[in-house]
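What the coordinates show
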Amino acid sequence: MTNDKSVAILGAGAWGTALANLAAANGYEVRLWSRWGSVSLAAVLEDAQIILSAISMKGVRDVVMQVKSFPLSPDTIFVTATKGLEPETSCTPSQIWQTAFPNHAVVVLSGPNLSKEIEMELPAATVVASTIATAAEAVQLVFSSNRFRVYTNPDPVGVELGGTLKNVIAIAAGVCDGLQLGTNAKAALVTRGLTEMVRIGNFWGAKTETFYGLSGLGDLLATCNSPLSRNYQVGYQLAIGKTLTEILTHLQGTAEGVNTCQVLVQRARQQNIPVPITEQVYRLLQGEVTPQQGLDELMLRDIKPEYK
């Protein structure tokens, strides 16, 4: 039996906490779980109507296996708010959850949502996506507020990939600003980055139009233009001469784009998907090129029509 007003949130970082506050403000009984906290997972999951995962990519599979060992109501809805790809399998978080819980609804929550701004109650919007419309609508009710507008979408793959792929482009955007290349260069980079995201997404079965919405273009604009974005910070600091190890040591939280970039390059090479920006970000992260060399290689690519 689920409690219609009970929400379990797994992951007590900035994003999990921001979402917990939104649900609590709407009158839901919210239980927050952290791997380092004192509250047991069993207590948090008991009778939960919605289980939302906001843990970093590297912890997803482990937590999924733990959750599997507890009895859950068949009506429980899973929500994933993690942006990343699993290195070993190149699975998205929702694929991991759905495989483990094939009879449950899984909803993806993603959008231009810098958690610090949401904590400050600045206006924002997000997308909840599922192949089961009623599940997306239930989740929409939990998190909607006059400061946080939640839209539904029937393309979970596209919504999830938008939030994941843009992290790689955000690293490139940080490089662009760190090298002080100007507004024209940044606009070109972000636009071509979106084209690359669509190309990869289509191979994964995502709908093109999803990438022109909040979870694609919206999230891309937020992370490519904000120093609050950890992925942007990685690119910016590489461009001003810091080493990747140095940057990641001092970064608060996880820059998922670093791991995503490696997984993406492997997958793109296997399937012959052209990903020129992702390739140069990968080479930069590997120390194979300097920020300036990576940019030069992008500018010297063969000339071609825009929409090919």
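Presented here is an overview of the structure given in this document.

A few words on the overall build of the protein chain. Along the protein chain, the regular secondary structure elements total 14 helices and 7 strands. At 19 Å, the protein chain has a C-alpha radius of gyration in line with the 19 Å of a compact globule built from 308 residues. Across the 308 residues that make up the protein chain, the buried fraction comes to 54%. Taking as baseline every contact in the protein chain between residues at least 6 positions apart, the subset at least 24 positions apart corresponds to 70%.

A few words on the state of the cysteines. When the sulfur atoms of two cysteines share a covalent bond, that bond is a disulfide. This model, assessed by the stated rule, comprises 0 disulfides. In this structure C224 is not part of a disulfide, and its nearest cysteine sulfur, from C176, lies 9.4 Å away. Classification of C224 as buried rests on a relative accessible area of 0%. Cysteine C261 shares no disulfide, and the gap to the nearest cysteine sulfur, in C224, comes to 13 Å. Judged by its relative accessible area of 0%, C261 falls in the buried class.

With that settled, the discussion passes to the pairing of strand 6 (residues 124-129). Burial within strand 6 is extensive, with 6 of its 6 residues counted as buried. The side-chain alternation of strand 6 yields two buried faces, one formed by A124, T126 and V128 and the other by A125, V127 and A129. Strand direction decides the pairing type here: strand 5 (residues 106-110) and strand 6, joined by 3 bridges, are antiparallel. Bridge pairing links S110 to V127 in strand 6.

By secondary structure assignment, the location of R147 is in the loop between helix 6 (133-143) and strand 7 (148-153). Between the C-alpha atom of R147 and that of E288, which follows or precedes it by 141 residues, the distance is 44 Å. When sequence neighbours within four positions are dropped, the list of residues in contact with R147 reads E121, L122, P123 and A124.

With that settled, consider the environment of T89. Structurally, T89 can be placed in the loop between strand 4 (77-80) and helix 4 (93-100). Using a relative accessible area of 39% as the deciding quantity, one classes T89 as partly exposed. Taking the C-alpha atoms as reference points, T89 and V263, separated by 174 residues in sequence, lie 8.8 Å from one another. Within the structure, the side chain of T89 is placed 3.1 Å from the backbone nitrogen of C91, a separation counted as a polar contact.

On to the packing of aromatic side chains, then. One pass over the structure, following the stated rule, counts 4 aromatic pairs. Ring centres 6.1 Å apart and planes at 20° place the aromatic pair W97 and F101 in the stacked group. You can call W97 buried: its relative accessible area is 1%. Here the aromatic cluster, defined as three or more aromatic residues joined through ring pairs, consists of F78, W97 and F101.

Before going further, it helps to examine the nonpolar core. F211, V234, V281 and L285 are the most contacted members of the largest nonpolar core, which has 43 residues in total. Breaking this core down by element, the ones donating at least two residues are helix 7 (156-178), helix 8 (183-203), helix 9 (214-224), helix 10 (230-239), helix 11 (244-250), helix 12 (256-271) and helix 13 (276-285). The element best represented in this core is helix 7, accounting for 10 residues. Setting aside chain neighbours within four positions, we find V281 in contact with V168, I171, A172 and C261.

Let us now look at the side chain of E256. Position of E256 relative to the elements: it lies in helix 12. Summary of buried charges: E256 has no salt-bridge partner, and the nearest side chain of opposite charge, K58, is 6.9 Å away. Apart from residues lying up to four places away in sequence, E256 is in contact with S56, M57, K83, N167 and N231.

The periodicity of an α-helix, 3.6 residues per turn, causes residues three or four places apart in sequence to face the same way. Of the residues making up helix 3 (residues 60-68), those classed as buried are V60, V63, V64 and V67. The arc that holds the buried residues of helix 3, viewed along the axis, is 105°, so those residues lie on one side.

Turning our eyes to something else, we now look at the packing of helix 7 against helix 12. Helix 12 packs onto helix 7 with a crossing angle of 105° between their chain directions and a minimal axis gap of 8 Å. When the interaxial angle is binned, helix 7 and helix 12 end up roughly perpendicular. Between helix 7 and helix 12, the contacting residues are T164, L165, N167, V168 and I171 on the first element and E256, G257, V258, T260, C261 and L264 on the second.

Conventions adopted
Residues numbered from 1 in each chain as written. Predicted model: local features only at pLDDT ≥ 70, side-chain atom pairs only at ≥ 80, totals over all residues. Heavy atoms only, no water. Helix = DSSP H or I, 4+ residues; strand = E, 2+ residues; numbered from the N terminus. Rg over C-alpha atoms; globule rule 2.2 N^0.38 Å. Buried < 20%, exposed > 50% of the residue type's maximum accessible area, 1.4 Å probe, protein only. Contact = heavy atoms within 4.5 Å. Disulfide = S-S within 2.5 Å. Pairing = 2+ DSSP bridges. Polar contact = N/O pair within 3.5 Å; in protein donor to acceptor, adjacent residues only side chain to side chain. Phe/Tyr/Trp six-rings, centres within 6.5 Å; stacked < 30°, edge-to-face > 60°. Core = buried A, V, L, I, M, F, W, Y, C linked by side-chain atoms within 4.5 Å. Lys, Arg positive; Asp, Glu negative; His and termini not counted. Salt bridge = Lys/Arg side-chain N within 4 Å of Asp/Glu carboxyl O. Arc of directions from axis to C-beta. Axes fitted to C-alpha atoms, helices over the stretch in contact; angles between N-to-C directions. Parallel < 35°, antiparallel > 145°, perpendicular 65-115°, else oblique.

All quantities given are derived from atomic positions and should not be read as evidence of function.
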